[in-house]
Amino acid sequence: TVGKTITCKAAVAWEAGKPLSIEDIEVLPPRAHEVRIQIKYTGVCHTDAYTLSGKDPEGAFPVVLGHEGAGIVESIGEGVTSVKVGDHVVALYTPECKECKFCKSGKTNLCGKIRATQGKGVMPDGTSRFKCKGQDLLHFMGTSTFSQYTVVADISVVAVQPEAPMDRTCLLGCGITTGYGAARNTANVEKGSNVAIFGAGCVGLSVVQGAVEQGAAKIIVVDVNPTKEEWAFKFGATDFVNPTKLPEGQTIVDKLIEMTDGGCDYTFDCTGNVGVMRAALEACHKGWGQSIVIGVAAAGQEISTRPFQLVTGRVWKGCAFGGVKGRSQLPNLVGDYLAGKLKVDEFITHRKNLTEINEAFDIMKQGDCIRAVLDC
Ligand code: NAD
Ligand code: AHE
Ligand code: ZN
């Protein structure tokens, strides 16, 4: 198939707010510095549902969504040296070119090389590799994993250990890495610290896992869904608080301050709710508490707090993909998984085929799903 167009199944989002359609699409061969991947498994993340809903200011249609995928390199374009045909890979929505200002700064995992075209839903040369019914389909987050084949830039893919099962490594393409990395890289939670995590989905539970690894003393999970209490403890939380069950007049901020003798050393928003983000900041300890925004909020939403909160030493920050540089660091996370040090299997609550993707979206919106993995 090298150099040839492949026809395969993909889930196409024709327009915002409508279910996806399983279509036969054409996937063009990779051009220079591009890689065509046979996607074996993909997770479904809330960010896919967010863009499909029409609330993402960067959302454009028709598009092939999906950004949590693992597969095998089918063919490579001219000049590709970092992966070869047959490699087991994970797609990276946060690429790593290793040569731009961002990559060289040592201060961020964000890469500037292809961000503009990625945001527009096209390959770095400004064109698409997907066609359906005579029209071009857009790419998504530089990955488009809801397809049996996809084409990505060579900086948007990393080869990982082939012994790691791809139905697990796909989840390292977003949710797990995001939360685990936020605790370990972005916050760099210190031993003995008090941590609160708002939202116990795949991302929040991965923050819990990272906080455990860092030796946090108190790991408080806050979630409005009571069934998340069991999940929180399973991943190593020490406490669970349901903010809807507090006594009249007590806020979640009051409760966390009381539980931690003045406030948390680190808090994490893993909900995407701007009201929660404010509470997470205000539940931080005066003088040094840091709040990390991970959740993605809809277009038009803004965060606010009294500036006094920052004047008195609280720090507000955020991260994408857990601050992890995908090409340099993802194999280490896969290694941790293989060594039994990083839980991944535990996150998979549902399995479906790619053709059942709309059911997977419905399941994700119900409270008992941590991650649905699709077999492509
Ligand atoms: P999820 O829906 O599985 O989990 C969110 C949890 O938050 C749920 O358990 C829900 O009950 C809880 N929740 C909702 N409202 C709450 C409230 N007011 N107080 C406390 N808990 C509340 O989602 P997820 O897949 O874990 O993703 C979490 C967020 O992170 C999403 O917004 C997603 O888009 C975003 N995300 C960001 C990045 C990044 O790189 N920054 C990466 C992946 C996901
Ligand atoms: N397009 C949205 C922003 C979406 C967003 O913040 N995406 C995160 C990853 S979420 C993964 O589930 C991200 O990587 N952000 C950094 C970046 O460069 O996009 C909007 O609001 O415009
Ligand atoms: Zn995601």
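Under an unreviewed UniProt entry, the name given to the protein chain is S-(hydroxymethyl)glutathione dehydrogenase, and the organism recorded is Podospora didyma. What the UniProt record of the protein chain gives under Sequence similarities (unreviewed entry) is the line "Belongs to the zinc-containing alcohol dehydrogenase family. Class-III subfamily." What the UniProt record of the protein chain gives under Cofactor (unreviewed entry) is the line "Zn(2+)".

(A) Representation of the pairing of strand β3 (residues 34–43) in the model. Of all ten residues that make up β3, nine are buried, and the element is covered over most of its length. Pairing of β3 with strand β8 (residues 149–153) involves five bridges; the strand directions are antiparallel. Its bridge partner lying in β8, Val 35 is registered against Val 152. Direction of pairing for β3 relative to strand β4 (residues 68–76): antiparallel, over a ladder of eight bridges. Directly across from Gln 38, in β4, lies its bridge partner Ile 72. Note that β3 and strand β17 (residues 371–375) share three bridges and pair antiparallel. Residue pairing in the sheet places Thr 42 in a bridge with Leu 374 of β17.

(B) View of the site of ligand 2. If you check the shell around ligand 2, you find Cys 45, Thr 47, Asp 56, Pro 57, Glu 58, Thr 94, Leu 110, Arg 115, Cys 174, Val 296, Ala 320 and Phe 321 and nothing else. In the shell around ligand 2, the residues fall into seven nonpolar, two polar and three charged.

(C) Region of interest: unusual backbone geometry. Across the junction of Phe 61 and Pro 62, the peptide omega takes the value -5°, indicating a cis bond. Relative to the assigned elements, Pro 62 resides in the loop between α1 (46–53) and β4. Although it is not a glycine, Lys 133 adopts a positive phi angle of roughly 50°. With respect to the helices and strands, Lys 133 occurs in the loop between β6 (130–132) and β7 (135–137). A positive phi angle is found at Met 141, which is not glycine, with a value near 50°. Met 141 sits in the buried class, given 26 other C-beta atoms within 10 Å.

What counts, and where the lines are drawn
- Residues numbered from 1 in each chain as written.
- Chains lettered and ligands numbered in written order.
- Predicted model: local features only at pLDDT ≥ 70, side-chain atom pairs only at ≥ 80, totals over all residues.
- UniProt positions renumbered as here; feature names shortened; annotations may be inferred.
- Buried ≥ 20, exposed ≤ 12 C-beta atoms within 10 Å, placed from the backbone.
- Helix = DSSP H or I, 4+ residues; strand = E, 2+ residues; numbered from the N terminus.
- Pairing = 2+ DSSP bridges.
- Near = placed C-beta within 6 Å.
- Nonpolar A, V, L, I, M, F, W, Y, C, P; charged D, E, K, R; others polar.

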